[in-house]
Amino acid sequence: MELTVIGSSSEGNSYVLQNAGEALLLEAGKPFKHTLAALGGNLRKVVGCLITHEHGDHAGRISEVLNYAVPVFASQGTIEGAEKYIRSNYQPNAIRAGAGGYERLNLGGFTVIPFPAKHDAAEPLGFYIWHEETGGILFATDTYYLPCTFKGLSNILIECNYDPDILARRVADGDIPEVLQERVRRSHLSYYTCLDALRANDLTAVNNIVLIHISDGNGDGVAFREGIAKATGKTVHIAKPGLKIKFNKTPF
Ligand SMILES: [Zn+2]
Ligand SMILES: [Zn+2]
């Protein structure tokens, strides 16, 4: 299996997970032509598209995905919140992250378990994804805290949005208003919370940690990667458009 990063920032988020026969899309925040190119034009192998929440950088291109008859899955709150973006004869499918047992979705060889995220959105989700080839994948973005731990992780896509010190310095310098600092703190994962979330999980079998949705102004990708690689001893990547990574259960 291979992960392709199409976009991973407040400019637009979109990822493709694919092997020769199957593909799962994550988010709909970039023009679909990039996804089509990553798929080599092979739409038939797409089993679905998962959307975490209704913000434009994640759901803004939802109609393009729907118009290609790709099954789209999001929470009811996300679907309602993304209404202004939905201009298609096809409709997204509602999925739930229950307080008790989570809903389980089977899409081709992928099993998807949604979990609640903590973000300034109606009903944001994160996803635990399992596939025979990849093992367990954690996909967590736009969440100021990670409420769950996960078993059997082999690959991780996790938000590492900002460094609280950079954020505070920018407020002190008058670069950004204090209210924006508050918004970021209550909606995105800081470097330290990302590190805590990683440490709360068993990383023994993890092959890749991909840091996603890094803020241009409030983050430092290179420092984040170094710090997290040092703390976890794992291979850490910075998600950038065009990045491709082998996402397998075995480390190659
Ligand atoms: Zn976002
Ligand atoms: Zn958001």
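Residues numbered from 1 in each chain as written. Chains lettered and ligands numbered in written order. Predicted model: local features only at pLDDT ≥ 70, side-chain atom pairs only at ≥ 80, totals over all residues. Heavy atoms only, no water.

Chemist: I tried to follow the packing of aromatic side chains on my own but got confused; where do I start?
Modeler: Each aromatic ring pair is characterised by the separation of its centres together with the angle its planes make. Applying the stated criterion across every chain yields a total of six aromatic pairs. Considering the side-chain rings of Tyr-15 and Phe-139, the 5.6 Å spacing of their centres and the 75° angle between planes classify their relative orientation as edge-to-face. Placement of Tyr-15 in strand E2 (residues 12-18) and of Phe-139 in strand E10 (residues 135-140) is noted, with a sequence separation of 124 residues between them. A relative accessible area of 0% places Phe-139 in the buried class. Between Phe-115 and Phe-150 the ring centres are 4.9 Å apart and the planes differ by 55°, which places this aromatic pair in the tilted class. (Phe/Tyr/Trp six-rings, centres within 6.5 Å; stacked < 30°, edge-to-face > 60°. Helix = DSSP H or I, 4+ residues; strand = E, 2+ residues; numbered from the N terminus. Buried < 20%, exposed > 50% of the residue type's maximum accessible area, 1.4 Å probe, protein only.)

Chemist: Explanation requested: the pairing of strand E8 (residues 110-116) in the structure shown.
Modeler: The two faces of a sheet get side chains in turn, since along a regular strand they alternate between them. Counted residue by residue, E8 has six buried out of seven residues, so it is predominantly covered. Joining the antiparallel neighbours strand E7 (residues 105-107) and E8 is a turn of two residues, in which Gly-108 adopts a positive phi near 55°. (Pairing = 2+ DSSP bridges.)

Chemist: Looking at this structure, I do not really get the packing of helix H7 (residues 191-199) against helix H8 (residues 221-232). What am I missing?
Modeler: Axis angle and axis distance: for two packed helices, these are the angle between their axes and the distance between the axes, and together they describe the pair. Close contact between H7 and H8 brings their axes to 11 Å; oriented N to C, the two are set at 25°. Here H7 lies roughly parallel to H8, going by the angle between them. H7 and H8 meet at a crossing whose hand is right-handed. Residues Tyr-191, Cys-194, Leu-195, Leu-198 and Arg-199 of H7 pack against Phe-224, Gly-227, Ile-228 and Ala-231 of H8. Tallied by class, residues from the contact of H7 with H8 come to seven nonpolar, one polar and one charged. (Axes fitted to C-alpha atoms, helices over the stretch in contact; angles between N-to-C directions. Parallel < 35°, antiparallel > 145°, perpendicular 65-115°, else oblique. Left-handed = near helix turned anticlockwise from the far one by under 90°. Contact = heavy atoms within 4.5 Å. Nonpolar A, V, L, I, M, F, W, Y, C, P; charged D, E, K, R; others polar.)

Chemist: Would you explain the sheet that holds strand E11 (residues 153-159) in this entry?
Modeler: Note on sheets: strands pair through backbone hydrogen bonds, and any given pair is parallel or antiparallel. Read across the open sheet, the seven strands follow the order E7-E8-E9-E10-E11-E12-E13; overall the sheet is mixed. The sheet is open, and its two borders are formed by E7 and strand E13 (235-238), each paired with just one other strand. Direction aside, neighbouring strands of the sheet carry axes that sit 20° apart on average. Sheet topology note: the E7/E8 ladder contains three bridges and is antiparallel. If you follow Asn-106 over to E8, its bridge partner there is Thr-111.

Chemist: Is there a simple way to think about the packing of helix H5 (residues 164-172) against helix H6 (residues 178-185) in this case?
Modeler: At a minimum axis separation of 9 Å, H5 and H6 run at an interaxial angle of 165°. Viewed along their axes, H5 and H6 adopt a mutual orientation that is roughly antiparallel. Crossing handedness for the pair H5 and H6: right-handed. Of H6, the residues touching H5 (which contributes Leu-167, Ala-168 and Val-171) are Glu-178, Gln-181, Val-184 and Arg-185. Partitioned by chemical class, the residues of the contact of H5 with H6 number four nonpolar, one polar and two charged.

Chemist: Sorry if this is basic, but what is going on with the side chain of Ser-215 here?
Modeler: Its location among the elements puts Ser-215 in the loop between strand E12 (208-212) and H8. There is a polar contact of 3.4 Å between the side chain of Ser-215 and the backbone nitrogen of Gly-217. (Polar contact = N/O pair within 3.5 Å; in protein donor to acceptor, adjacent residues only side chain to side chain.)

Chemist: Honestly, the coordination of the zinc ion (ligand 2) in this entry has me stumped. Any pointers?
Modeler: Four donors placed tetrahedrally about a metal ideally form angles of 109.5 degrees, and six donors placed octahedrally ideally form angles of 90 or 180 degrees. Looking at the zinc ion (ligand 2), the protein donor atoms are His-53 (NE2), His-55 (ND1), His-119 (NE2) and Asp-142 (OD), and they sit 2.2 to 2.5 Å from it. In this structure, the zinc ion (ligand 2) is surrounded by four donor atoms whose angles at the metal cover 89 to 176°, and the resulting shape is irregular. Positions of the donor residues of the zinc ion (ligand 2) along the chain correspond to the pattern H-x1-H-x63-H-x22-D. The distance between the zinc ion (ligand 2) and the zinc ion (ligand 1) comes to 3.5 Å, with Asp-142 serving as a donor to both metals. Here His-55 is found in the loop between strand E4 (46-50) and helix H2 (56-59), whereas its partner Asp-142 is found in the loop between E10 and E11, with 87 residues between them in sequence. (Donors = N, O, S within 2.8 Å, 3.2 Å for Na, K, Ca; no water. Tetrahedral: all angles 85-135°; square planar, octahedral: opposite > 155°, others 65-115°.)

Chemist: Mind showing me how you'd approach H5 here?
Modeler: Every α-helix winds through 3.6 residues per turn, so residues three or four apart in the chain are directed the same way. If you check which residues of H5 are buried, you get Ile-166, Leu-167 and Val-171. When H5 is viewed along its axis, its buried side chains cluster within an angular range of 135° and face the same direction. Buried-residue contacts for H5 involve H6. At the N-terminal end of H5, a side-chain oxygen is found 2.8 Å from the backbone nitrogen of Asp-165, two or three residues along, and the residue is Asp-163. (Arc of directions from axis to C-beta.)

Chemist: Quick question: what am I supposed to make of the coordination of the zinc ion (ligand 1) here?
Modeler: All of the protein donors around the zinc ion (ligand 1) are Asp-57 (OD), His-58 (NE2), Asp-142 (OD) and His-213 (NE2); their distances to the metal are 2.2 to 2.3 Å. Between the four donor atoms coordinating the zinc ion (ligand 1), the angles at the centre fall across 89 to 165°, so the site counts as irregular. Sequence spacing among the residues donating to the zinc ion (ligand 1) works out to D-H-x83-D-x70-H.

Chemist: Is there a simple way to think about H8 in this case?
Modeler: A rise of 1.5 Å per residue sets the reference length of H8, with its twelve residues, at 16 Å; its end C-alpha atoms lie 16 Å apart and thus fit the reference within 8%. For H8, every residue scored as buried is listed here: Gly-221, Phe-224, Ile-228 and Thr-232. In a view along the axis of H8, the buried residues occupy a sector of 60°, so they form one face of it. Residues of H8 that are exposed and point over 90 degrees away from its buried face: Glu-226 and Lys-230. Tucked into the core, H8 has its buried residues touching H7, E12 and E13. Immediately beyond the C-terminal end of H8, within one or two residues, lies Gly-233, with a positive phi of roughly 70°. (Expected span 1.5 Å × (residues − 1).)

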